[in-house]
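As a plain string of letters, each chain reads:
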Amino acid sequence: MADAHATPHHDYHLVDPSPWPLVSSFAAAVMLIGAVVWMRGLAGEGAGPLTDALLTKGDKALFFAGLAGVLVSMFGWWSDVIKESRKGDHTPVVSLGLRYGMILFIASEVMFFAAFFWMFFEMSLFNEARTLIPEVGAWADVAGKWSTWPPQGVETLDAWQLPLLNTVILLLSGTTVTWAHHALAHGDRNAARTGLIITVALGVLFTAVQAYEYQHIIHEHLFFNEEAAGTGLYGSIFFMATGFHGFHVLIGTIFLFVCLLRLLAGHFTPEKHFGFEAAAWYWHFVDVVWLFLFAFVYVTFG
């Protein structure tokens, strides 16, 4: 019994009791319920002052309250992980587990984007099959528009303008993040800092170019117009696939920016820098997804 609380003689780390799993779960639930309220509403007007303020269609308060909780949980939870690493709790066995966790996370992201690609391929390869469906209501008009690819009325983007520019930007960012990682592994902190700064700047530039592209699509009514009525699925899956990728670029940019701050604070060493390594893995994944988007959504079926 005297040795019950002695220093453990193993390579595993049992984390201290933490509020973040419970807090983040509650915050995520509130955020998603708030999203439903924002888009659809959960109560009609006149149900009561509190209900009118929080649960009627268009109310955003619940969503942003949940989002704030999620962001606080993320900051607190990841800060605790960094503190554990700084204390030496991330032994080789624990570090291996972190690597497996990141690999599985990226694998789940691959499945996430596979669903979008599957939908786009089904739309583009078998669009004529929709004309064989028996006419029901106004289906004949919809089927007629889908008899050609792209659907009638939809104006696609020139892949060799803004999409090509963003491809070059991401490919260049992949080289700079690799340069930064290589420099850090060899103890060249100045080169690592420079490579990270350039990578973050390229990530911001990609997001700016994509925002301009979206503004052009919406302003010029390329996907959603009177002539393209009944073909909204094309624009929806385009924005879902490229938009979620853009969201991943934004997350990856923040990820790398945090790594830059940690590098400047002296957290990383040539032997111990898995946080940066994980960010680099994530960024390369984002690059590869964009190459598939560019090759198929913009070029092959665009």
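Residues numbered from 1 in each chain as written. Predicted model: local features only at pLDDT ≥ 70, side-chain atom pairs only at ≥ 80, totals over all residues. Heavy atoms only, no water.

### Thoughts on the packing of helix H4 (residues 92–125) against helix H9 (residues 274–300)
The geometry of a pair of packed helices is captured by two quantities: the angle between their axes and the separation between those axes.
Then, number 1: Their axes nearest at 11 Å, the elements H4 and H9 cross at an angle of 15°. Taken together, the axes of H4 and H9 are roughly parallel relative to one another. Regarding H4 and H9, the two cross each other, and that crossing is right-handed. Residue-level contacts link Leu98, Arg99, Met102, Ile103, Phe105, Ile106, Glu109, Val110, Phe113, Phe117, Phe120 and Phe121 of H4 to Phe274, Glu277, Ala278, Trp281, Tyr282, Phe285, Val289, Phe292, Leu293, Phe296 and Val297 of H9. (Axes fitted to C-alpha atoms, helices over the stretch in contact; angles between N-to-C directions. Helix = DSSP H or I, 4+ residues; strand = E, 2+ residues; numbered from the N terminus. Parallel < 35°, antiparallel > 145°, perpendicular 65-115°, else oblique. Left-handed = near helix turned anticlockwise from the far one by under 90°. Contact = heavy atoms within 4.5 Å.)

### A look at a nonpolar patch on the surface
Then, number 1: A surface patch of nonpolar side chains, amounting to about 400 Å² of accessible area, comprises Phe247, Leu250, Ile251, Ile254 and Val258.
Then, number 2: As for its placement among the helices and strands, Ile251 is situated in helix H8 (residues 232–264). (Patch = residues over 30% accessible without salt bridge, like charges linked within 9 Å, V, L, I, M, F, W, Y side chains within 5 Å. Areas by Shrake-Rupley, 256 points an atom, 1.4 Å probe, with all protein chains shown as cover. Salt bridge = Lys/Arg side-chain N within 4 Å of Asp/Glu carboxyl O.)

### Regarding helix H7 (residues 189–219)
Then, number 1: Look at H7: 45 Å from first C-alpha to last across 31 residues, which is about the 45 Å you get at 1.5 Å a residue.
Then, number 2: Taken from the residues just after H7, His221 is the one with a positive phi, measuring 55°. (Expected span 1.5 Å × (residues − 1).)

### Remarks on the packing of aromatic side chains
Then, number 1: According to the stated counting rule, one finds 32 aromatic pairs in the structure shown.
Then, number 2: Between Phe120 and Trp149 the ring centres are 5.7 Å apart and the planes differ by 85°, which places this aromatic pair in the edge-to-face class. In this pair, Phe120 sits in helix H4 while Trp149 sits in the loop between helix H5 (139–145) and helix H6 (162–185), placing the two residues 29 residues apart along the sequence.
Then, number 3: What makes Trp149 partly exposed here is its relative accessible area of 23%.
Then, number 4: Plain terms: the ring middles of Trp290 and Tyr298 are 5.6 Å apart, the flat faces sit at 50° to each other, and that makes the pair tilted.
Then, number 5: Overall, the relative accessible area of 4% leaves Tyr298 in the buried class. (Phe/Tyr/Trp six-rings, centres within 6.5 Å; stacked < 30°, edge-to-face > 60°. Buried < 20%, exposed > 50% of the residue type's maximum accessible area, 1.4 Å probe, protein only.)

### Thoughts on unusual backbone geometry
Then, number 1: Positioned with a positive phi, His221 is a non-glycine residue whose angle comes to about 55°.
Then, number 2: Its location among the elements puts His221 in the loop between H7 and H8.

### Things to note about the environment of His221
Then, number 1: His221 gets classed as partly exposed once you look at its relative accessible area, which sits at 47%.
Then, number 2: For the pair formed by His221 and Glu155, sequence separation is 66 residues and the distance between their alpha carbons is 8.5 Å.

### Describing the nonpolar core
Then, number 1: One finds Leu196, Phe238, Leu256 and Phe276 to be the most contacted residues of the largest nonpolar core, which totals 54 residues.
Then, number 2: Elements with a minimum of two residues in this core: H4, H6, H7, H8 and H9.
Then, number 3: When residues no more than four places from it in sequence are discounted, the contact partners of Phe276 are Val177, Ala180, His181, Leu184, Leu196, Leu256, Cys259 and Phe268. (Core = buried A, V, L, I, M, F, W, Y, C linked by side-chain atoms within 4.5 Å.)

### A look at the environment of Leu67
Then, number 1: Take Leu67: it is sitting in helix H3 (residues 61–87).
Then, number 2: Note: C-alpha distance between Leu67 and Ala28 (39 residues apart in sequence) is 7.2 Å.

### Some details on the confidence of the model for the protein
Then, number 1: Across the protein, pLDDT averages 86, with 86% of residues at or above 70.
Then, number 2: The spread of mean pLDDT over the elements of the protein runs between helix H2 (residues 49–54), the lowest at 63, and H6, the highest at 96. (pLDDT = per-residue confidence, 0-100.)

### With respect to the pattern of salt bridges
Side-chain pairs of opposite charge can arise where the charged atoms are in close proximity.
Then, number 1: The tally for this structure, following the rule as stated, stands at 1 salt bridge.
Then, number 2: Between Arg99 and Glu277 there is a salt bridge, and its shortest N-O distance comes to 2.7 Å. Here Arg99 is found in helix H4, whereas its partner Glu277 is found in helix H9, with 178 residues between them in sequence.
Then, number 3: Under the relative-accessibility criterion, Glu277 is labelled buried at 14%.

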